[in-house]
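Given next are the chains, with one letter for each unit.
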Amino acid sequence: MSRYNAREIEPKWQKTWEDAQVFRARIDRTKPKYYVLEMFPYPSGRIHIGHGRNYVMGDVVARFKRAMGFNVLHPMGWDAFGMPAENAAMEQKSHPAKWTYANIETMKAQLKLLGLSVDWSREFATCDPAYYKHQQKMFLDFHRLGLVARKEANVNWDPVDHTVLANEQVIDGRGWRSGALVEQRKLTQWFFRISDMAEELLTALDGLERWPDKVRLMQRNWIGKSEGARVTFALTDAKHKSLEIFTTRPDTLFGASFCAIAPDHPIAQEIAKTNAGLKNFIVECKRHGTTAAEIETAEKMGFDTGLRAKHPFVAGATLPVYVANFVLMEYGLGAIFGCPAHDQRDLDFARKYGLPVPAVVVPAGEDPQTFSVGTEAYFGDGVLANSDFMNGMSVEDAKRAVIAKLEGMGAGKRTITYRLRDWGVSRQRYWGCPIPMIHCASCGVVPVPDKDLPVTLPEDATFDQPGNPLDRHPTWKNVVCARCGKLARRETDTMDTFVDSSWYFARFCDAQAPGPTNKEAVDYWLPVDQYIGGVEHAILHLLYSRFFTRAMRKAGYAGLSEPFAGLFTQGMITHETYKDPDGKYLFPEEIEKRDDIAVKRGTNHRVTIGAVEKMSKSKKNVVPPEAVADTFGVDAARWFMMSDSPPERDSEWSEAGIEGAWRYVQRVWRMVDEALPHLPGFGAAAPDGFGEAAIAVRQVTHRTIAAVTDDLERFRFNKAVARLYEFVNALSDFKPEGDDGQWARREALETLTILMNPMVPHLAEECWQALGAATMAVNAPWPKAEAALTRQDTVTIAIQVNGKRRAEIDMAKDSDAKTVEAAVLAMDTVAKAIDGRRVKKVIIVANRIANVVVELSGA
RNA sequence: GGCCCCUUGGCGGAACUGGUAGACGCAACGGACUUAAAAUCCGUCGUUCGCAAGGACGUGCCGGUUCGAGUCCGGCAGGGGCCACCA
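All figures in this text were calculated on a predicted structure; none of them were measured in a lab. (Residues numbered from 1 in each chain as written. Chains lettered and ligands numbered in written order. Predicted model: local features only at pLDDT ≥ 70, side-chain atom pairs only at ≥ 80, totals over all residues. Heavy atoms only, no water.)

**A few points about unusual backbone geometry**
Here comes step 1: A cis geometry characterises the amide bond from Leu453 onward to Pro454, with omega recorded as -5°.
Here comes step 2: In the Ramachandran plot, Asp814 falls in the positive-phi region, its phi being about 65° despite a non-glycine side chain.
Here comes step 3: Secondary-structure assignment places Asp814 in the loop between β33 (804-812) and α26 (817-825).
Here comes step 4: The phi torsion at Asp835 lies on the positive side, around 55°, for a residue other than glycine.
Here comes step 5: Within the secondary structure layout, Asp835 lies in the loop between α27 (828-834) and β34 (839-845). (Helix = DSSP H or I, 4+ residues; strand = E, 2+ residues; numbered from the N terminus.)

**Comments concerning the nonpolar core**
Here comes step 1: In this structure, Tyr35, Phe192, Trp423 and Tyr504 are the most contacted members of the largest nonpolar core, which totals 105 residues.
Here comes step 2: Membership of the second largest hydrophobic core comes to 77 residues, among which are Met671, Ala694, Val728 and Leu752. (Core = buried A, V, L, I, M, F, W, Y, C linked by side-chain atoms within 4.5 Å. Buried < 20%, exposed > 50% of the residue type's maximum accessible area, 1.4 Å probe, protein only.)

**Structural notes on the packing of aromatic side chains**
Here comes step 1: In the structure shown here, the tally under the stated rule is 48 aromatic pairs.
Here comes step 2: For the ring pair Phe281 and Phe303, a centre distance of 5.8 Å and an interplane angle of 35° mean the geometry is tilted. Taken together, the residues Phe281 in helix α9 (residues 276-287) and Phe303 in strand β11 (residues 302-310) connect sequence positions 22 residues apart.
Here comes step 3: We classify Phe281 as buried; its relative accessible area is 10%.
Here comes step 4: A ring pair is formed by Phe371 and Tyr378, whose centres lie 5.9 Å apart and whose planes are at 80°; its orientation type is edge-to-face.
Here comes step 5: Here Phe371 falls in the buried class, since its relative accessible area comes to 14%.
Here comes step 6: Members of the aromatic cluster, each reached through a chain of ring pairs, are Phe40, Phe124, Tyr131, Trp503, Tyr504, Phe505, Phe508, Tyr531 and Phe564.
Here comes step 7: Its end group placed over the ring of Phe326, Lys300 keeps NZ or CZ at 5.9 Å from the ring centre.
Here comes step 8: Cation over ring: Lys405 sits above Phe389, and NZ or CZ is 4.4 Å from the ring centre. (Phe/Tyr/Trp six-rings, centres within 6.5 Å; stacked < 30°, edge-to-face > 60°. Lys NZ or Arg CZ within 6 Å of the ring centre and 35° of its normal.)

**Observations concerning the protein's contact with RNA strand B**
Here comes step 1: As a structural note, the neighbourhood of RNA strand B is formed by 50 residues, with Thr248, Lys300, Phe326, Arg848 and Asn851 the closest of them.
Here comes step 2: By atom count, sugar and phosphate contribute 61% of the portion of RNA strand B lying within 4 Å of the protein.
Here comes step 3: Here a sugar or linking oxygen of RNA strand B sits 2.9 Å away from a polar atom, N or O, in the side chain of Ser645.
Here comes step 4: In terms of residues, the surface near RNA strand B owes the most to one element, helix α22 (residues 717-733), which gives six residues.
Here comes step 5: When the residues that make up the surface near RNA strand B are grouped by side-chain class, the tally is 21 nonpolar, 12 polar and 17 charged. (Near = heavy atom within 4 Å. Polar contact = N/O pair within 3.5 Å; in protein donor to acceptor, adjacent residues only side chain to side chain. Nonpolar A, V, L, I, M, F, W, Y, C, P; charged D, E, K, R; others polar.)

**Things to note about the pairing of strand β10 (residues 258-261)**
Here comes step 1: Side-chain alternation along β10 places Phe258 and Ala260 on one buried face and Cys259 and Ile261 on a second face that is also buried.
Here comes step 2: Two elements, β10 and strand β13 (residues 335-338), share four bridges in a ladder whose sense is antiparallel. Paired with Cys259 across the two strands is Phe337, which belongs to β13.
Here comes step 3: Relative to strand β12 (residues 318-324), β10 runs parallel, the two being bridged by three bridges. Across the sheet, Cys259 pairs through a bridge with Val321, a residue of β12. (Pairing = 2+ DSSP bridges.)

**Here we look at the packing of helix α3 (residues 83-92) against helix α4 (residues 96-113)**
Here comes step 1: At their nearest, the axes of α3 and α4 sit 8 Å apart, and the two run at 115° to each other. When the axes of α3 and α4 are compared, the pair comes out roughly perpendicular. For the element pair α3 and α4, the recorded crossing hand is right-handed. Contact residues: Pro84, Ala85, Glu86, Ala88, Ala89 and Gln92 in α3; Pro96, Trp99 and Thr100 in α4.
Here comes step 2: The residue makeup of the contact of α3 with α4, split by class, is six nonpolar, two polar and one charged. (Axes fitted to C-alpha atoms, helices over the stretch in contact; angles between N-to-C directions. Parallel < 35°, antiparallel > 145°, perpendicular 65-115°, else oblique. Left-handed = near helix turned anticlockwise from the far one by under 90°. Contact = heavy atoms within 4.5 Å.)

**Points about the environment of Arg745**
Here comes step 1: Inspection of the secondary structure assignment puts Arg745 in helix α23 (residues 738-756).
Here comes step 2: Considered as a pair, Arg745 and Ile799 are 54 residues apart in the sequence and their alpha carbons are 36 Å apart.

**Here's the deal with the sheet that holds strand β19 (residues 437-440)**
Here comes step 1: Pairing is antiparallel across the open sheet formed by four strands, whose spatial order is β20-β19-β22-β21. The sheet is open, and its two edges are formed by β20 (444-447) and β21 (478-480), each paired on a single side. Within the sheet, the average angular offset between the axes of one strand and its neighbour, ignoring direction, is 45°.
Here comes step 2: One ladder, built from three bridges, connects β21 with strand β22 (residues 487-490); its direction is antiparallel. Across the sheet, residue Val479 finds its bridge partner in β22, namely Ala488.

Laid out in structure tokens, this is it:
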């Protein structure tokens, strides 16, 4: 008996696949296409097994679809621009390119170890000018189409990374990479006009049926559509004639007791010029952060501007206009009217400053004369009161009525506001795609002519100090104006790296295309049929890509709007964490487990076993793929990753788990190896008839085909694995006798081999070859379940009496209700359970259950 | 604060659209083989009562709908996610 040696067998098959170039994808219109893509990696150093799950999952899909007859595209590349490279360059006194390409080399070798069915001929790195020159071209095209804007705006400034961040990259008031508290700065920046597409990006979410609801909901919330009205308040002041506010509750206009504007609202800024008190107040507002805790505890603060706003409907009534710390310039119009009775913040504010709290929406069952609000605002539904022409209306009717009236008076109109901001893409960093623009003293902003592309990064930049290396480079930014020929300055900002990843999937369709995309290839391969990645990109990358694809369509580079037809967000791999007595983290290989305790390897020092957490370098709870491949083989790792948890959930990596997977690999090989001498030849004709035992095995075989196919189709890898375990268990119990039995055994083993191939491709190749196939398993078609063998002739029907299971009975499938009822009532066990009570009725669910309902004794 | 999701044995998890809860794996335990160990094979494995046959209880908690609820509805608790002074 030969033992399965993964360390020799796995590299052998990887080489065979590579030599035969089996994963090379080509346009082939005789087959349906299938584009599988995992979110491409950032080359940060080394991968650990936690990264692997994502790629293995994609690989299982790719290999499965391939066997199902699809023309599969499964590419890989590198999201290679970004801050870590620059930080590493600063620390190691090296160059970001050197660091990045070294990491790519390491990680590529590690990925190859996993035996992925990737078409490596399409590989590229986004930091290659051959890639980013196309990005610059598209930037210029988008600029021409009005999709790019340069504007002054309040931006998020990361004081540690010395760069601007997009809203999506600020988490809890801190930079998503540096963790530094973000400051607000007013800067002139480049923006993609994503907010113009807010409505389209929102409604198109409904069409993304193969996306998780969770992700669609997150995008919906992020886009944040609010329907309401803008209302113009006339001001009593001669200098400032009117104030425009946005509200989603115009129905509560009669409950208004003040107006409030943001500290950076133009009117506030104007008054602050001559009012030192307000100026100080505005400075005070800016000092407060925006972290969750600070918002929770922040007190409402206001400064009375002295301005008074006239109520649009109540002659003679005026409202004080405050500058308030809780009003945001970025949302709506930066101005509100305060209705304390029906908004908690307005109520807190009104109580603090002693403003009136008139209630205008009264909950059902409350008396409008006596209903009042204490410390809790009422924002539920109800009936309008104290509101003149709206009295007695529902909230919805009142909204319509008041908007109509305001529109009639020219004092307001129905408006839709979105939370989504334009995407600021300027970054004051070196390691990114240069923005191809020129600043000329006489011509203003001038695009770099297409013929001068790419604008490449200078290699001799310095990284020994913070700030933008491009800006301080002695010569790089000197350029002649493309319009007037005078000396001008190059744009020294680079693009947000999320731009790089917003179109790479289109580039993969033809990575050698002379333009940004090859239209024929893009039309053939896109959309991505199955995209796989972490849910952490639910908003950032996935929203940007949806925008970018639309922009590419407008510019003629793509023929569709939605790049990803199917999305799957996979869970993380977690692992226990270990700490030595000093509180320092230890790698799993540094510890040794003895019974329930852990000690430092080779010592008696007790190690604390900490929480199970997402694998990360900082917690040291990582497992290198090389070590796993060496001891257990890659197939065992792949099998374990697919078996342990449902793919969307987190999965814990454990030594026991990988050992279990390794046992499976050995067991399958042993089973094939032991069967070989007894089996008929590969492709031998089926015998004339099958005995009972052989038929039973064939039934298991074909039912397994049906089940595993369905499970893989639906991304239920853990169930597919469980089915295959059951199959192997059944085969182990099978003791074939006669030619028919041996033929059925061969059929079963061949089937098993191909069914498990997507998960354990090296083992499958080895088995396939041993079974005598002349072709590779990777090219073998997926087996088909024969209906005659999957059909169930008898079914087990559970019998309940008053809903409690009392017995079961085997019946011919699809027996009619009368037959089942008669058979059930004839059973001794049933009679015993009925115990002489009167049978009220018998409920029969075909092929499943019979419930005998009897009178309750004594009731 | 708003919105959303989750909660099933010692553990990971099965259970299609309301129809036999606990598939499959891991761990554990008992046994066989072995000088011994590993590997392998056979068996047990939700709790509980019982010699057994069999019974009772059981899917976070309380209640409801139903012949029947892990699954549907209402409430509560715990855990997680996203957004967040968003008007």
